[in-house]
Amino acid sequence: QLARIQTDSVVEMLRELYPDLHFEIAVAMSTTGDKILDTALSKIGEKSLFTKELENALERNEVDLVVHSLKDLPTSLPPGFTIGAVCKRENPLDAVVFHPKNCGKTLSLLPEKSVIGTSSLRRAAQLKKKFPQLEFRDIRGNLNTRLKKLDEKEDFSAIILAAAGLKRMGWENRIGQLLSPEDCLYAVGQGALAVEVRAKDQEILNMVSALHDADTVLRCIAERAFMKRLEGGCSVPVAVNTVLKDGQLYLTGAVYSLDGSDSLKETMQTSVHYPQQNEDGPNDDVQRVGITAKNVPGQAQEAAENLGVELASLLLSKGAKHILSVARQLNDAR
C-alpha cells in the first residue's frame, strides 16, 4: 500500500508537469524483501533486496520508471540503471508508535523491560544505548502488518518506524514521539523517494529530472557517499543527519556496535553554493553514487560527494572499520 501511494504521488507530479503524456501504473510487484518476512532484513543479504525484480522489468522495457524509497537502493546501482530523480524529502526522522495502552507516553516513561519492535540494527543500536532499561526485538512486515502486530497483540509496548511512511499513509496521528537526531540519527536517504530509470534513456531521464529537489539531492549524495565509503548496508548500524543552510551542507555521520556500546560520530561541513552552469556535453550525465542530477550544479554535487567520502574516511581513521566488521560478524552469527 505504501509503495503504491508513493508511486501514485510521483505519477501525479509527472502528470501535472506533462499533461499531454499518458502515464500508466502497469505492475505492482513483490520483491524478495517483501516475500521473506520471517527473517531479519540484515540477515537476508545486502544487495537489491527490494529492487531486483523491479530492475528486471526496467531492463526488459516492460516499465520505463520505477519508484523506490531511496533508502532501499544500494549506493552502487547495477550497470545500465540510474536514479533519474530524487523528490523533495519528507521528514526523515524516526517515529515511535505506542501500543494503545501506552498512549501519551514517551520511550523514557515506559516501564522497565518494555519490548520495542524494530527491524533496523541502526535504530536498535542507538536506542539500546540511550534506553538501556528497554528491550528491542525484531519486527518485520509492511507498515499495515507491523501496526496490526502492535495493536492486536501484547508483544510490543511500541514500535519504531520512519515518520515519512506514516505520514504518506495518512497515519500521522499514530506518531507518539518523534526521535530527534540527538536521540536517533536516521538512515541514509530516509524520507526521500527515488525514480530509477535506464541510464541510456535520455528522453525519460530528461522528463523525470524535473522532479529533482536540489536540497534533497545534495543531502542524499553526501549521505550515500558516506555510506559507500564505509561499505555499509543494512547489516551494519550506520546513521546520518544532514542540514543544508545558507549554502553550507552539514553532515553528521556515525557507526555503532550492535548493542550501541561502541560508537564513533563526527560532523563536517562544506560549501555547496555554486551557480548552475551550462554543462553540456560529456559531463551531462555524471552519476554520483547512483544519482544523475542534470539540473543541480555539478560542482555542488561534487562537493557533497566529497563531504561524504571525507567524513567516512575520518571515521575509518578512528577505527570505524573494526566496529563495523565486529557488528557484521555478530549479526551473521545471530
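Just above, that's the structure.
Keep in mind that this is a model prediction, so the values were computed, not measured.

Calculation notes
- Residues numbered from 1 in each chain as written.
- Predicted model: local features only at pLDDT ≥ 70, side-chain atom pairs only at ≥ 80, totals over all residues.
- Heavy atoms only, no water.
- Pairing = 2+ DSSP bridges.
- Helix = DSSP H or I, 4+ residues; strand = E, 2+ residues; numbered from the N terminus.
- Buried < 20%, exposed > 50% of the residue type's maximum accessible area, 1.4 Å probe, protein only.
- Lys, Arg positive; Asp, Glu negative; His and termini not counted.
- Salt bridge = Lys/Arg side-chain N within 4 Å of Asp/Glu carboxyl O.
- Contact = heavy atoms within 4.5 Å.
- Axes fitted to C-alpha atoms, helices over the stretch in contact; angles between N-to-C directions.
- Left-handed = near helix turned anticlockwise from the far one by under 90°.
- Nonpolar A, V, L, I, M, F, W, Y, C, P; charged D, E, K, R; others polar.
- Arc of directions from axis to C-beta.

## Some thoughts on the pairing of strand S11 (residues 263-271)
And step 1. The sheet contact formed by strand S10 (residues 248-256) and S11 spans 9 bridges and is antiparallel. The partner of Ala254 across the bridge, within S11, is Lys265.
And step 2. Where S10 folds back on S11, the antiparallel hairpin that results is connected by 6 residues, among which Gly260 adopts a positive phi of roughly 80°.

## Structural notes on the side chain of Arg219
And step 1. Looking at the element boundaries, Arg219 is found in helix H9 (residues 214-230).
And step 2. Comment: no salt bridge for buried Arg219; closest opposite-charge side chain is Glu223, at 4.7 Å.
And step 3. Those residues in contact with Arg219 that lie beyond four places of it in its chain are Arg89, Pro92, Tyr186, Thr242, Leu244 and Leu249.

## Section: the packing of H9 against helix H10 (residues 298-317)
And step 1. Packing of H9 against H10 leaves a shortest axis separation of 7 Å and a crossing angle of 35°. Here the hand of the crossing between H9 and H10 comes out right-handed. Contacts from Leu218, Ile221, Ala222, Ala225, Phe226, Arg229 and Leu230 in H9 reach Ala300, Gln301, Ala304, Glu305, Leu307, Gly308, Val309, Leu311, Ala312, Ser313, Leu315 and Leu316 in H10.
And step 2. Looking at side-chain class alone, the contact of H9 with H10 contains 14 nonpolar, 3 polar and 2 charged residues.

## Some thoughts on helix H4 (residues 52-59)
And step 1. Of the residues making up H4, those classed as buried are Leu54, Glu55, Ala57 and Leu58. Down the axis of H4, the buried side of the element spans an arc of 155°, and every buried residue falls inside it.
And step 2. In this structure, the buried side of H4 is in contact with strand S1 (66-69), strand S2 (81-86) and strand S8 (193-198).
And step 3. Looking one or two places after H4, you find Asn61, whose phi comes out positive at around 60°.

## Remarks on the sheet that holds strand S4 (residues 115-117)
And step 1. The 5 strands lie next to each other as S5-S4-S6-S3-S7, forming an open sheet whose pairing is mixed. The strands lining the two open edges of the sheet, one partner per strand, are strand S5 (135-137) and strand S7 (177-179). Taken over all neighbouring pairs, the strand axes of this sheet differ in orientation by 30° on average, direction set aside.
And step 2. For strand S3 (residues 94-98) and S7, the ladder comprises 3 bridges, and the chain directions are antiparallel. Across the sheet, the residue bridging to Val96 is Gln177, located in S7.
And step 3. Helix-sheet contacts for helix H5 (residues 121-130) involve S3, S5, strand S6 (158-162) and S7, and the interaxial angle to S6 is about 125°.
And step 4. Here helix H6 (residues 143-152) sits on the sheet and contacts S3 and S6; the angle it forms with S6, its principal contact strand, is near 165°.

## Overview of unusual backbone geometry
The general pattern is negative phi for most residues beyond glycine and trans for most peptide bonds.
And step 1. Residue Lys113 is not a glycine yet carries a positive backbone phi of 70°.
And step 2. Topologically, Lys113 is positioned in the loop between S3 and S4.
And step 3. In the Ramachandran plot, Asp246 falls in the positive-phi region, its phi being about 50° despite a non-glycine side chain.
And step 4. Its location among the elements puts Asp246 in the loop between strand S9 (238-245) and S10.

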